[in-house]
Number of protein chains: 2
Amino acid sequence: MPVEVLDHQLREYYTVALEVARKAGEVIKDAFKKEKTIDTKSSAADLVTVTDQAVEKMAFAFLKEKYPSHKFIGEETTAETGEKLQLTDDPTWIIDPIDGTTNFVHSIPEVCFSLGITVNKEPIIGVVYLPVLDQMYTAQKGQGAFLNGEKLKSSGQTDLKKAVVICEGGSSRDPDIVEKKLTNIHRLVTASHGIRSYGSAAANLCRVAQGAGDAYAEYGIHIWDFVAGMLIASEAGAVVKDPSGSEVDLMSRRVLAAATPSLATQLSDLLIHLDMGRD
Amino acid sequence: MPVEVLDHQLREYYTVALEVARKAGEVIKDAFKKEKTIDTKSSAADLVTVTDQAVEKMAFAFLKEKYPSHKFIGEETTAETGEKLQLTDDPTWIIDPIDGTTNFVHSIPEVCFSLGITVNKEPIIGVVYLPVLDQMYTAQKGQGAFLNGEKLKSSGQTDLKKAVVICEGGSSRDPDIVEKKLTNIHRLVTASHGIRSYGSAAANLCRVAQGAGDAYAEYGIHIWDFVAGMLIASEAGAVVKDPSGSEVDLMSRRVLAAATPSLATQLSDLLIHLDMGRD
């Protein structure tokens, strides 16, 4: 049976989400200027730092005390416990403590704290905070998307030939996956005004939301990378889909965002759709 | 015979360079928020706007009145007149009015006014101003590089496996050039922590200068795209070379910047060195 959440509860969740994002941002910004202790996960390019882990621990401790009956999904907790992800109808706080860990390690400013809240398995609140740049992207379902309080609108671009598309090489070093991703990049360069790569899924979705770039597609990411950003993009008027063109699936490890339905279709037709398995 | 420039003259050139960058920045920032009138040059992805042309005209009018005996090279003047570029020993003001025109057209904030001054065919002053982000990168030969007055230092990374490398798909749509560039991107993704693409040669060099990314290589650019940024990168401690490993050649339409000599060598060994012809 679907869970009902009242308006005043939603408003409270949103306030708490902003509060935890600011707290996380302080820790990230402070650590950004210092030496980083780096470990690797699935590949030599899949990085994690003590800051990722500390921020997630801090955020969950803070939230679990406030909402002991809620569910919580976090990138680092999932990596540590190795548990299968389960998304339920319950209010669920989904965190990527640092989206763009490679950027963080390399002192590249595009690093985000990403926090999405789902109810009935749908994102209702999305917060993506880039503390080094002090950019706070926010969205609540049905209420638009904002950057530091200013309303966002995606670009309106309908023609792939005139679009800039954000895409990523990603952190997998599996030769078959790299080959397919690079084939996609090749097709995108040839078909569009050009590609951009910023190294953060959450920030990429926010860029599409603000019309700084027209579309973004990525394969191999997880729910914590895109659940907040996808709400921000769709609330700014962008289309968010599975790259194949079907409904987006939060567990399918891939997402496409485009300024318009027409642009989304052109991208769906162009790209090789990597099956990354379900979480 | 080499031209001699006195210290007080250099200081004056630097002051004037900052002044013209600020003036250009105002025009760019104002136009950034408005509808753009777009034209194409060598390919459907090689864009120019009335703002590129207006900024170059304004900057040259201002500078030529101050320094009638100096030489001037500008991206849009060169495109309009079709004249062969000639770099002499005279003090030469080299301008890209908007580096990152595709970003400008797509409301992507990484757009620069780039101004380099050469004497005896060597850059002695470099100014790269990103007006939308209010980031002023500056360098004078032998005096270090700065971002809004704060001293810059490149990353010190010596190992390509642990590096982030900035590279671009570029605006050429010649299938052979695209194929080679994408082969390079494929090699870079596989060999490193990852690649980034920001769409502006001048800004890319400044990112290497500040240690936000460890290296950058590009083929197909021109002197106005990299003359200012290369001085900023080298004054921040980075190595600036021709991608092949030989001395950089301002007319050869390609450049490599890396945090360390070792990283530069690894990149030279890895990449296909596209011969783009000389300007």
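The model shown is predicted, which means the values in this text are computed figures rather than measured ones. Think of each chain on its own: its residues are numbered from 1, step by step along the sequence as written. Starting at A for chains and at 1 for ligands, labels are handed out in the order in which the entities are written. Totals for whole chains, interfaces and linings use every residue, but because this is a predicted model, local features are given only for residues with pLDDT of at least 70 and side-chain atom pairs only at 80 or more, for both listing and counting. Remark: hydrogens and water are excluded; side-chain values derive from all non-hydrogen atoms of the structure.

## Considerations on the relation of the copies chain A and chain B
Then step 1. With an RMSD of 0.0 Å, the operation that places chain A on chain B is a rotation of 180 degrees combined with a shift of 0.0 Å along the axis. Each copy turns onto its partner about a two-fold axis. Closest to the rotation axis within chain A is the C-alpha of S197 of chain A, separated from it by 2.3 Å. A residue counts toward the fit only if its pLDDT is at least 70 in both copies, and the copies are then superposed by least squares on the C-alpha atoms of those residues.

## Some remarks on helix α2 (residues 50-66) of chain B
Every α-helix carries 3.6 residues per turn, so stepping three or four residues along brings you back to the same face.
All names here are of chain B.
Then step 1. With 17 residues, α2 ought to run about 24 Å at 1.5 Å a step, and its terminal C-alpha atoms sit 25 Å apart, in line with that.
Then step 2. Burial here depends on accessible area, computed with a 1.4 Å probe over protein chains only, as a share of the maximum for the residue type. Under 20% is buried, over 50% is exposed, and the range in between is partly exposed. Secondary structure elements are defined from DSSP: runs of H or I of at least 4 residues count as helices, runs of E of at least 2 residues count as strands, and each element is numbered from the N terminus. Within α2, the full set of buried residues consists of T51, D52, V55, E56, A59, F60, F62 and L63. Looking down the long axis of α2, one finds its buried residues gathered within 165 degrees of arc, a one-sided arrangement. Every exposed residue of α2 that faces more than 90 degrees away from the buried side is listed here: K57 and E65. To estimate the expected span of a helix, subtract one from its residue number and multiply by 1.5 Å. Taking the helix axis as origin, the arc is that swept by the directions to the C-beta atoms.

## Notes on the interface of chain A and chain B
Then step 1. Contacts between residues were defined by any pair of non-hydrogen atoms, one from each residue, lying within 4.5 Å. Counting from both sides, the interface comprises 36 residues of chain A and, opposite them, 36 residues of chain B.
Then step 2. Buried surface at the junction of chain A and chain B, both sides included, amounts to about 2,800 Å², of which 57% is carbon and sulfur.
Then step 3. For chain A, the biggest contributors to the area lost against chain B are H106, H193 and R196 of chain A; these three give 21% of the whole.
Then step 4. Should a side-chain nitrogen of Lys or Arg be within 4 Å of a carboxyl oxygen of Asp or Glu, the pair is scored as a salt bridge. Where chain A touches chain B, the interface holds 2 salt bridges.
Then step 5. Polar contacts here mean pairs of N or O atoms no more than 3.5 Å apart (in protein, one a potential hydrogen donor and the other a potential acceptor; neighbouring residues in sequence count only if both atoms are side-chain atoms). Between chain A and chain B we count 17 residue pairs in polar contact (both at pLDDT 80 or more) in total.
Then step 6. Elements represented by at least two residues in the side of chain A that touches chain B include exactly α4 (101-105), α5 (175-191) and β11 (194-196) of chain A.
Then step 7. If you tally residues by element for the side of chain A that touches chain B, the top one is α5 of chain A, at 7 residues.
Then step 8. Its residues assigned to classes, the side of chain A that touches chain B shows 14 nonpolar, 14 polar and 8 charged. What gets called buried area is simply the loss in accessible area from a 1.4 Å probe that two parts show on being joined, summed for both. For this classification, Asp, Glu, Lys and Arg are treated as charged, while Ala, Val, Leu, Ile, Met, Phe, Trp, Tyr, Cys and Pro are nonpolar and the rest, including Gly, are polar.

## Things to note about unusual backbone geometry
Then step 1. Of note, the phi angle at D134 of chain A is positive, near 50 degrees, even though the residue is not glycine.
Then step 2. Despite not being glycine, N120 of chain B has its phi angle at roughly 55 degrees, a positive value.
Then step 3. Looking at the secondary structure, you find N120 of chain B in the loop between β5 (112-119) and β6 (122-130).
Then step 4. Under the relative-accessibility criterion, N120 of chain B is labelled partly exposed at 25%.

## Let's talk about the pairing of β6 of chain B
Residue and element names in this part refer to chain B.
Then step 1. Among the 9 residues of β6, 8 are classified as buried, and the element is accordingly described as predominantly covered.
Then step 2. Paired strands are those between which DSSP finds at least two bridges. Two strands pair when backbone bridges link them, and β5 and β6 are joined in this way by 7 bridges, in the antiparallel orientation. Bridged to G116 within β6 is G126.
Then step 3. Two successive antiparallel strands, β5 and β6, enclose a turn made up of 2 residues, where N120 displays a positive phi of approximately 55 degrees.
Then step 4. As paired strands, β6 and strand β7 (residues 135-140) are joined by 6 bridges and run antiparallel to one another. By the bridge assignment, Y129 is partnered in β7 with M136.
Then step 5. The turn linking β6 back onto β7 is made up of 4 residues, and D134 within it adopts a positive phi angle of 50 degrees.

## Topic: the sheet that holds strand β13 (residues 239-241) of chain B
Residue and element names in this part refer to chain B.
Then step 1. Taking strand neighbours across the sheet as the criterion, the 5 strands line up as β11-β10-β12-β14-β13 in an open arrangement whose pairing is mixed. Each having just a single partner strand, β11 (194-196) and β13 make up the two edges of the open sheet. For this sheet, the mean inter-axis angle between neighbouring strands, taken without regard to orientation, is 20 degrees.
Then step 2. Bridge count for strand β10 (residues 164-166) against strand β12 (residues 215-219) is 2 bridges, and the pairing is parallel. Residue pairing for β12: V165 is matched across the bridge by A215. Angular values range over 0 to 180 degrees, each being the angle between N-to-C directions of two axes fitted as lines to C-alpha atoms, with helices fitted over their stretch in contact.

## Considering the packing of helix α1 (residues 7-32) of chain A against helix α2 (residues 50-66) of chain A
All names here are of chain A.
Then step 1. α2 packs onto α1 with a crossing angle of 155 degrees between their chain directions and a minimal axis gap of 10 Å. In terms of their interaxial angle, α1 and α2 are classed as roughly antiparallel. In terms of crossing hand, the pair formed by α1 and α2 is right-handed. Along the contact surface, α1 presents V16, E19, V20, K23, A24, V27, I28 and A31, while α2 presents T51, V55, M58, A59, F62, L63 and K66. Geometric relationships in this document are graded by angle, where less than 35 degrees denotes roughly parallel, more than 145 denotes roughly antiparallel, 65 to 115 denotes roughly perpendicular, and other angles denote oblique. Handedness of a crossing is defined here by the sense of rotation of the near helix relative to the far one, left-handed for an anticlockwise turn of less than a right angle and right-handed for a clockwise turn.

## Re the layout of surface pockets
Residues and elements named next belong to chain A.
Then step 1. Think of a 1 Å grid over just the protein atoms. A cavity is a set of points where a 1.4 Å probe fits yet cannot get out, a pocket is an open set with protein on both sides within 12 Å along at least five of seven lines, and lining residues have an atom within 4 Å of a point. Grid points are joined across faces, edges and corners, and a volume is the space filled by probe spheres set on the points. Computed from the structure, the second largest pocket encloses a volume of approximately 920 Å³.
Then step 2. Lining the second largest pocket are 47 residues, and of these D46, E75, S171, G220 and D225 lie nearest its centre.
Then step 3. The element that contributes the greatest number of residues to the lining of the second largest pocket is helix α3 (residues 75-81), accounting for 4 residues.
Then step 4. Counted by class, the lining of the second largest pocket contains 12 nonpolar, 17 polar and 18 charged residues.

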